[in-house]
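Residue-level structure breakdown
Take a look at the letters that make up each chain.
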Amino acid sequence: MDLLPAETPQIAKRHGFRSLKLLNVDMDQALGDEPFGVEYGRLENGLHYYVRSNSKPKMRAALALAVKAGSVLEEEDERGVAHIVEHLAFSATKKYTNHDIVKFLESVGAEFGACQNAVTSSDDTVYELFVPVDKPELLSQAISVLAEFSSEVRVSTDDLEKERGAVMEEYRGNRNANGRMQDAHWVLMMEGSKYADRLPIGLEKVIRTVPSEVVKQFYRKWYHLHNMAVIAVGDFSDTQSVVELIRTHFGPKSSAHDPLPIPHFPVPSHEEPRFSCFVESEAAGSAVMISYKMSVDELKTVKDYKDLLTESMFLYALNQRLFKISRRKDPPYFSCSAAADVLVRPVKAYMITSSCKEKCTIEALESMLIEVARIRLHGFSEREISVVRALLMSEVESAYLERDQMQSASLRDEYLQHFLRNEPVVGIEYEAQLQKTILPQISASEISKYSEKLRTSCSCVIKTMEPWATATVDDLKAVVSKINSLEEEGSISPWDDEHIPEEIVSIKPNPGNIVQQLEFSNIEVTELILSNGMRVCYKCTDFFDDQVLFTGFSYGGLSELPENEYFSCSMGSTIAGEIGVFGYKPSVLMDMLAGKRAEVGTKVGAYMRTFSGDCSPSDLETALQLVYQLFTTNVKPGEEEVKIVMQMAEEAVHAQERDPYTAFANRVRELNYGNSYFFRPIRIGDLRKVDPLKACQYFNNCFKDPSTFTVVIVGNIDPAIAGPLILQYLGGIPKPPEPILHFNRDDLRGLPFTFPATVIREVVRSPMVEAQCSVQLCFPVELKNETMMQEIHFVGFLSKLLETKIMQVLRFKHGQIYSAGVSVFLGGNKPSRTGDIRGDISINFSCDPDISSTLVDIALDEILRVQEEGCSDEDVSTVLEIEQRAHENGLQENYYWLDRILRSYQSRVYFGDVGTSFEVQDEGRSKVRELLTPSTAQLALKRILPFPCKKQYTVVILMPQTSRVKLLTSLFKSTDNSYSRKAKILVGVAGLTVFALTLWRYSRRTLKS
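Residues numbered from 1 in each chain as written. Predicted model: local features only at pLDDT ≥ 70, side-chain atom pairs only at ≥ 80, totals over all residues. Heavy atoms only, no water.

Considerations on the sheet that holds strand β13 (residues 525–530)
Read across the open sheet, the seven strands follow the order β12-β13-β14-β18-β15-β17-β16; overall the sheet is mixed. Every other strand in the sheet has two partners, leaving β12 (514–520) and β16 (598–604) as the edge strands with one partner each. On average, each strand axis in the sheet is inclined to that of its neighbour by 15°, with strand direction left out of account. Strand direction decides the pairing type here: strand β15 (residues 548–555) and strand β17 (residues 608–615), joined by eight bridges, are antiparallel. Looking at β17, one finds that Val548 is bridged to Cys615. (Pairing = 2+ DSSP bridges. Helix = DSSP H or I, 4+ residues; strand = E, 2+ residues; numbered from the N terminus. Axes fitted to C-alpha atoms, helices over the stretch in contact; angles between N-to-C directions.)

Examining the nonpolar core
Ranked by size, the top nonpolar core spans 133 residues in total, and within it Leu63, Tyr127, Phe250 and Phe845 carry the most contacts. No other element matches the 13 residues that helix α26 (residues 788–813) contributes to this core. Listed in part, the 94 residues of the second largest apolar core include Cys569, Met608, Phe631 and Ile901. (Core = buried A, V, L, I, M, F, W, Y, C linked by side-chain atoms within 4.5 Å. Buried < 20%, exposed > 50% of the residue type's maximum accessible area, 1.4 Å probe, protein only.)

Topic: the pairing of β13
Burial analysis of β13 places six of its six residues in the buried class, the great majority of the element. Of the two faces of β13, both are covered, the one formed by Val525, Glu527 and Ile529 as well as the one formed by Thr526, Leu528 and Leu530. Pairing between β12 and β13: six bridges, direction antiparallel. Note on β13: the bridge partner recorded for Gln516 is Ile529. Between the antiparallel neighbours β12 and β13 lie four residues, among them Glu524 with a positive phi of about 55°. Judged from the four bridges that link them, β13 and strand β14 (residues 535–540) form a sheet pairing that is antiparallel. Looking at the pairing, Glu527 lines up with Cys537 of β14. Counted between consecutive antiparallel strands, the loop separating β13 from β14 contains four residues, among which Gly533 sits at a positive phi close to 95°.

Quick notes on the layout of surface pockets
There is about 1,500 Å³ of room inside the second largest pocket. Considering the residues around the second largest pocket, the lining is formed by 46 residues, among which Ile792, Leu826, Asp899, Arg903 and Gln921 are closest to the centre. At the level of secondary structure, the elements contributing two or more residues to the lining of the second largest pocket comprise β15, β16, β17, α26, α28 (873–890), α29 (894–906) and α30 (914–931). Here the element with the most residues in the lining of the second largest pocket is α26; it accounts for nine residues. (1 Å grid on protein atoms, 1.4 Å probe; cavity = no way out; pocket = protein on both sides within 12 Å on 5 of 7 lines; lining within 4 Å. Points joined across faces, edges and corners; volume = space filled by probe spheres on them.)

Comments concerning α29
For α29, which comprises 13 residues, the first-to-last C-alpha distance of 18 Å matches the rise-based estimate of 18 Å (1.5 Å per residue) to within 8%. For α29, the complete set of buried residues consists of Asn894, Trp897, Leu898, Arg900, Ile901, Leu902, Ser904 and Tyr905. Close packing links the buried residues of α29 with β13, β14, β15, β18 (710–715), α28 and α30. (Expected span 1.5 Å × (residues − 1). Contact = heavy atoms within 4.5 Å.)

A word on the sheet that holds strand β21 (residues 820–825)
What the five strands build is an open sheet, ordered β19-β23-β20-β22-β21; its pairing is mixed. On the outer flanks of this sheet lie β19 (760–766) and β21, each paired with one strand and no other. Adjacent strand axes in the sheet meet at a mean angle of 20° when their direction is disregarded. Relative to strand β22 (residues 837–846), β21 runs antiparallel, the two sharing six bridges. Residue Ala820 lies in a different strand from β22, and its bridge partner there is Phe845. Packed on one face of the sheet, α26 meets β20 (774–783), β21 and β22 and runs near 160° to β21.

What about unusual backbone geometry?
A cis geometry characterises the amide bond from Lys56 onward to Pro57, with omega recorded as 0°. Structurally, the position occupied by Pro57 is in the loop between β2 (48–53) and β3 (60–67). Note the cis peptide between Phe947 and Pro948, where omega equals -5°. Structurally, Pro948 can be placed in the loop between α31 (934–944) and β23 (954–960). Phi angles above zero are rare outside glycine, and Asp330 is one such case at about 45°. Looking at the element boundaries, Asp330 is found in the loop between α10 (302–326) and β9 (335–344).

Some thoughts on the side chain of Arg745
The residue Arg745 is located in the loop between α25 (719–730) and β19 in this model. Among buried charged residues, Arg745 stands out as having no salt bridge; its nearest opposite-charge side chain is Asp746, 4.5 Å away. A polar contact of 2.9 Å, which involves the side chain of Arg745, links it to the backbone oxygen of Pro831. Aside from chain neighbours lying at most four places away, what touches Arg745 is Tyr555, Pro831, Ser832, Arg833, Tyr905, Gln906, Ser907, Arg908 and Tyr910. (Lys, Arg positive; Asp, Glu negative; His and termini not counted. Salt bridge = Lys/Arg side-chain N within 4 Å of Asp/Glu carboxyl O. Polar contact = N/O pair within 3.5 Å; in protein donor to acceptor, adjacent residues only side chain to side chain.)

Regarding the pattern of salt bridges
Within this structure, the stated rule accounts for 65 salt bridges. One salt bridge connects Arg172 with Asp848, and the closest N-O pair in it is separated by 3.7 Å. Here Arg172 is found in helix α5 (residues 157–173), whereas its partner Asp848 is found in the loop between β22 and α27 (852–869), with 676 residues between them in sequence. Two residues, Arg321 and Glu371, come together in a salt bridge whose shortest N-O distance is 3.1 Å. Taken as a pair, Arg321 in helix α10 and Glu371 in helix α11 (residues 361–378) lie far apart in primary sequence, 50 residues in all. The class of Arg321 is buried, set by a relative accessible area of 2%.

Some thoughts on the packing of α26 against α30
Running from N to C, α26 and α30 point in directions that differ by 55°, and their axes come no closer than 8 Å. It follows from the interaxial angle that α26 and α30 lie oblique. α26 and α30 meet at a crossing whose hand is right-handed. Together, Met789, Gln790, His793, Phe794 and Phe797 of α26 and Val920, Gln921, Gly924, Arg925, Lys927, Val928, Arg929 and Leu931 of α30 make up the contact between the two elements. Looking at the contact of α26 with α30 residue by residue, the classes come out as six nonpolar, four polar and three charged. (Parallel < 35°, antiparallel > 145°, perpendicular 65-115°, else oblique. Left-handed = near helix turned anticlockwise from the far one by under 90°. Nonpolar A, V, L, I, M, F, W, Y, C, P; charged D, E, K, R; others polar.)

Quick notes on the packing of aromatic side chains
On inspection of all chains with the given rule, the structure shows 30 aromatic pairs. Summarising the aromatic geometry, the rings of Phe611 and Phe709 are spaced 5.7 Å apart at their centres and angled 35° between planes, so their arrangement reads as tilted. Taken together, the positions of Phe611 in strand β17 and Phe709 in the loop between α24 (692–702) and β18 put the pair 98 residues apart, joining distant regions of the chain. Neither residue differs from the other here; Phe611 and Phe709 are each classed as buried. Relative to Phe709, the ring of Phe631 has its centre 5.1 Å away and its plane inclined at 80°; by these criteria the two rings are edge-to-face. One end of the pair, Phe631, is in helix α20 (residues 620–632); the other, Phe709, is in the loop between α24 and β18, and 78 residues separate them in sequence. Members of the aromatic cluster, each reached through a chain of ring pairs, are Tyr566, Phe567, Tyr673, Phe678, Phe679, Phe753 and Phe825. (Phe/Tyr/Trp six-rings, centres within 6.5 Å; stacked < 30°, edge-to-face > 60°.)

Here is the structure:
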């Protein structure tokens, strides 16, 4: 068998995936150790390198330095040091000081966080850069930065002291409800292994007190060039010159000693399951997690690859069942999913996670275990597997069609896994052939056998998580015993498949016709006015061969409703979505769409109703059929569907009531926008007043009249093929005899909100298990209608400038925050083409509660200083460069063009000519870029923000509630102002998300800085 496809990529691409020849596979054939498509080698000092030329995106490079050194290598007094080293790398090296690396990279358009970051995990540390390479010196400078990280990080006492605050704030940010639950689960999973005590964030004591010599010792001991690799994937004219740059910057580097062998830390297996009933007073709800640990499989041969495909098919098929169960009458859980992933170098796990009603964790666990046992007894049906096979075949076809358009960052990540995990890189052409050959050969019985790995005797860990205790360990053991007995007796019945219709649209509509067609050559779009009144605009692109995006919008939304109808109608999308807005239940539609890449979603906002879709060009008909179904389906509330939705909504409201951040966010909204019903959070009492019939009727009317909608389509479109489909499924939508929700954009009802006219500073105190503190500093913004096009762009540039200045002073100078965000809210304004626009600019950061007010004052002082004295030329050039680089990247993306065309239709200057509207917006951006200097930025800050900024603003600070004992104590001990981090609070609070626990490994095992 040939390991690589014949050298005819152009022929393969021309004929497409479906003409790919099948392989005559030998299951024992090795996949190969050498990575495909890359210059791969090693320098004399031991450093590995990978270099590949890739033009997506143009004039950009994705770089990385991978180090096989993570937190598991730490000694007891070093717990957290691997992560501290990563922080210090961006802070100071032999060549750069005082975060000059960050400043340099931002000056060339590589934004801190988005384009320069690092990840510390248990087993390794990875530094990532995404940089422009349109100037020859930029790539050389970026590679020199990675070389500095490899051996020249300066670990002085002063450097360490400056960075402790940022690391400590990252630690504090992880000590919320999700963090505590995830940490506890990690320890339970890794019990008996060193991994259990080596979470990357480390210990608070070590972060606060570790000497610089200890950090330096860890760095010198484990950062050895033999254990490193540099990866460079980008728009290079030739790869050999990049290899020479790596040789130039890394070649002279040397490590102080011979490399130490990387120790192996086993994770012991166990036949008896481990149980835990974790009670977290701030939990966002109740959940169950079942994990089955096993050794990481080697991926060396074709048979190994087949096993990996079989595992994927098993998980897909299991997830389909779990989803369908969640949509049954009286379901045992709201959501449930299964996944497999590598946890640490020697161990991976299958994880099944569910979120459920309060006091229902035992019921959820029983259902989860029964389903796995059902598969062991009866297996999957051939129909279930055919659905999964079609789905996987569709995914690999999409990857194959876009093989020449893969993002450089994605390719970089493949080579990272090759170095860190020995994962083979064989190239998408060969992998597509392999999947196309093997997938039809994998039988339902082979797939079903994977359920044997999900026995409770296979290093199983079962855990419930609840806001208060209802389940006990004995309860969990009893469920396991019960299901084992049922399985032994064969008392679990086979799976009952639903009937799946063949066609989405049973009767094809009569096509509409084109009333008017316009070409706008300046943006290369075509606009059609259809006979039913719908306006359709399409732009053909070649950015991605397997992508078509579309969005349709109509003016008029929730702001038009009277208060007594608002809560019912605002639930319309949720209730209708559970029933099925395309004429079929979601569980049925999932099977109908198997093997097709087509999805459509809806949104009803304050001023607009929208539907959006993403599909393969070959599945455009299916996507447009879904839109047709959306407009022609009358959703009727069923008792069971409404019951499920309302239960989920009540659980979400209860979770918000336990969440300290909800009280904080509610007060921010109330303060800045007034106590309007539109901004007020939904309460349990509101839910009980919801009329499901009115909710569904409103949703039906939102997507009923095609004449009010404008649809923008962007992607790999062939007008000869897409045109008839547009006419049939969009033009074929019947226009109602009377207009429905037909609004003039200039006459829409605005949302009532008024920003305070004075300074307001408030503290919201909330009970917490561990102290958290969040700050929101907010300023009113008013943009004049006559200068709107320029002012909008000024606001965008100024928000980035403010973020840069706040980071400079609070993170890089004082070292007291981890990150800061600046956001602009103008969404409260109705889309009228007249009148001024009001909104706000808010600055958000978290910090030590004891110094929160001080940091607010420092931030205000810095903003006032920039208003009065201006900023530097360097600050302005950095902001301009970051914006320009983001703009250049966006011009190569369908999403970016879709958004820009939509904004052109929705712009205040749009009066029927989308090309002119687009040009006016583009000219506004260009003019602001030309005008932006330190002096014009200073004037804009005075003009757009209150001046001086200290005369009108709001600050809301979330603080932990002081206990009564502490309050009394503080009367006698005025010198003691710190809050106890270990205080146990009676009333619990938690995060808004409902247990994204399948992703827990990313947030706990790895730390991004």
